[in-house]
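Structural description and commentary
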Amino acid sequence: MSGAHFSARQLVLLALLTLVWGLNWPIMKFGVTHFPPLSFRALSMWLGLPVLYLAVRAMRIPLAIERSQWPELARLTFTNMIVWHVLAIVSVQALSSGRAAILGYTMPVFSALWGMALFGQRLSGRQLAGVAAAAIGVALLLWHELGRMAGKPWAAGGMLVSAAVWALGTQQLRRTRMTAPTLAIVFWMTVVTTLVMTLLAAAFEQPRWQMPSPEVWATIVFNAVLIFGFAQPVWLYLARALPPVASTLSVMLIPVLGTLSGAWWLNEQLHWQDFAAIVLMLAAIASVLLPARAAAPAQSARPST
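Residues numbered from 1 in each chain as written. Predicted model: local features only at pLDDT ≥ 70, side-chain atom pairs only at ≥ 80, totals over all residues. Heavy atoms only, no water.

1. Focus: the layout of surface pockets
Space inside the largest pocket adds up to approximately 230 Å³. Contributing to the lining of the largest pocket are Arg-9, Leu-13, Leu-52, Ala-55, Met-59, Leu-183, Gly-229, Phe-230, Pro-233, Val-234 and Tyr-237. For the lining of the largest pocket, the elements supplying multiple residues, two or more each, are helix H1 (8-33), helix H2 (37-58) and helix H10 (214-241). At five residues, the largest contribution of residues to the lining of the largest pocket is made by H10. Partitioning the lining of the largest pocket into residue classes produces nine nonpolar, one polar and one charged. Its boundaries defined by the atoms lining it, the second largest pocket holds a volume of some 180 Å³. Listed by contribution, the elements that provide at least two residues to the lining of the second largest pocket are H2 and helix H9 (182-205). Sort the elements by how many residues they give to the lining of the second largest pocket and H2 lands first, with four residues. A breakdown of the residues in the lining of the second largest pocket according to their chemical character gives 10 nonpolar, three polar and no charged. (1 Å grid on protein atoms, 1.4 Å probe; cavity = no way out; pocket = protein on both sides within 12 Å on 5 of 7 lines; lining within 4 Å. Points joined across faces, edges and corners; volume = space filled by probe spheres on them. Helix = DSSP H or I, 4+ residues; strand = E, 2+ residues; numbered from the N terminus. Nonpolar A, V, L, I, M, F, W, Y, C, P; charged D, E, K, R; others polar.)

All we've got here are geometric facts, nothing functional implied.
Structural data, given as structure tokens:
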């Protein structure tokens, strides 16, 4: 497991995923600042479901899931989507967008720990270095936020719990025995999560419901089309197709992009630690994207005398 083999298609999808998900953190922060967070997420998912459905049907992917596999679908939905979407969207309302992204992307560290603890996964020295670089990068990005987060420990804790459960889900998805196509699994996971988010929004936020402003509608549509219609399916495809550490470390530029775009749009201040973290995140990504060094050529036979 010294390296992962990314196809050209996977690299293109990875680049687009990083761009869309990274920019979405300040966009999402703006949306939940002006609209109840669970309702924001539920609306985005209801509008995103038709986009996802049309994409799946256009590719002629069968949506049927065998009844015997429904329990596993439920488990994967809980760890990959429900916990993440509920806790992250509530927590981001109380944190800066960049720092919420950073806490969320402690996920590769948790993924490595889950892999070693539950699945007997052994990491190469190169992968361990990548995980360490990601962990140090996260710590640097949080350098100036620890005091602020201490006043809102529930939000920081919520992001960390969601990252840990998401990491477990990534490990489970890579090892799933479900025979359905990945996009069929993604579609039904999104359907179930949409229903859960709708019930929670109705239970806890109904008195706060109001017509979203045009600006909020723009953030909802962005999430509907580009997050639930594109980024979420792409991520789950990569998570199922690649080793967990490779897929998780490959997206470590997302919190960096979230931090930089938050500084540009929401005037969140940057420090030298942020730029040092960028270098470490790039090192973490390189640990899984760059091809492994070829084995040394065998020694030539000793010449005859």
